[in-house]
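Residue-level listing of the chains:
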Amino acid sequence: GIVTVKKNSLLARARRPFLGLKSPLARRLAVYALIVGGAASLLFSAVEAIYGYRERLAYLHEEMASIGEVLTPSIVHSLWTFDLVHAKLELESVLARQTVQTVILYQPGQPTQYFGKPLIQEKLERIIPIAYLEPESNQLHDLGTLVLVADLGLARTEAMRVLF
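Cut-offs and rules
Residues numbered from 1 in each chain as written. Predicted model: local features only at pLDDT ≥ 70, side-chain atom pairs only at ≥ 80, totals over all residues. Heavy atoms only, no water. Helix = DSSP H or I, 4+ residues; strand = E, 2+ residues; numbered from the N terminus. Contact = heavy atoms within 4.5 Å. Areas by Shrake-Rupley, 256 points an atom, 1.4 Å probe, with all protein chains shown as cover. Salt bridge = Lys/Arg side-chain N within 4 Å of Asp/Glu carboxyl O. Buried < 20%, exposed > 50% of the residue type's maximum accessible area, 1.4 Å probe, protein only. Arc of directions from axis to C-beta. Polar contact = N/O pair within 3.5 Å; in protein donor to acceptor, adjacent residues only side chain to side chain.

Caption draft 1: Seen up close, the overall build of the protein chain. From N to C terminus, the protein chain includes four helices and four strands. Counting helices and strands in the order they occur from the N terminus, the protein chain gives α-α-α-β-β-β-β-α. Sequence separation of at least 24 residues holds for 56% of the intrachain contacts in the protein chain that already meet a minimum separation of 6. Total accessible area computed for the protein chain in this model is approximately 11,600 Å², and 61% of it derives from carbon and sulfur atoms.

Here it is, written out as structure tokens:
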């Protein structure tokens, strides 16, 4: 017998040309265009992610330098006058900026003080020496070292969001 094919049946759909293209060459060109377009899109996204990561690193460097410049005189004053409560509040306030995830204060003869995340695997550190210059004698007194730590994993995660 004669086989009749209904308009929307599977057999009717199977006989339609791929992407509405009847020529094998046209189909092949369409597939290549899709592949090349997808690859180009991935390449541009990757380049944008790398550029975004580098921009974020530059921003972190600038921001940490700025925090150090603003924070150092106040911390020096607090440590020199033994106002440890104020010094602790200042160091904890740095964490509110979301740029710095850990603040470490090393003082001679004192236990190391950590604020924020305890251990960060991939990090950017800014080391700031803390010293008091006595105006009368022009003598420099070492008060310790302040370390600001930014989590590079967070910066990478932000850059990877561009890809997905």
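Caption draft 2: Layout of the pattern of salt bridges. Under the criterion given, the structure shown has four salt bridges. A salt bridge links aspartate 151 to lysine 117, with the shortest nitrogen-to-oxygen separation between them at 3.1 Å. Pair noted here: aspartate 151 is in strand E4 (residues 139-151) and lysine 117 is in the loop between strand E2 (113-116) and strand E3 (123-134), with a separation of 34 residues, a long-range link. Residues arginine 156 and glutamate 122 are paired through a salt bridge, measuring 2.1 Å at the closest nitrogen-oxygen approach. Taken together, the residues span a long stretch of sequence, with arginine 156 in helix H4 (residues 152-160) and glutamate 122 in the loop between E2 and E3 at a distance of 34 residues. A relative accessible area of 33% places arginine 156 in the partly exposed class.

Caption draft 3: Representation of H4. Regarding H4, the residues found buried are Leu152, Ala155 and Ala159. In an axial view of H4, the angular spread of the buried residues amounts to 55°, which keeps them on one side of the axis. In this structure, the buried residues of H4 make contact with helix H2 (24-80), E3 and E4. If you check the start of H4, you find a side-chain oxygen 2.8 Å away from the backbone N of glycine 153, and it comes from aspartate 151.

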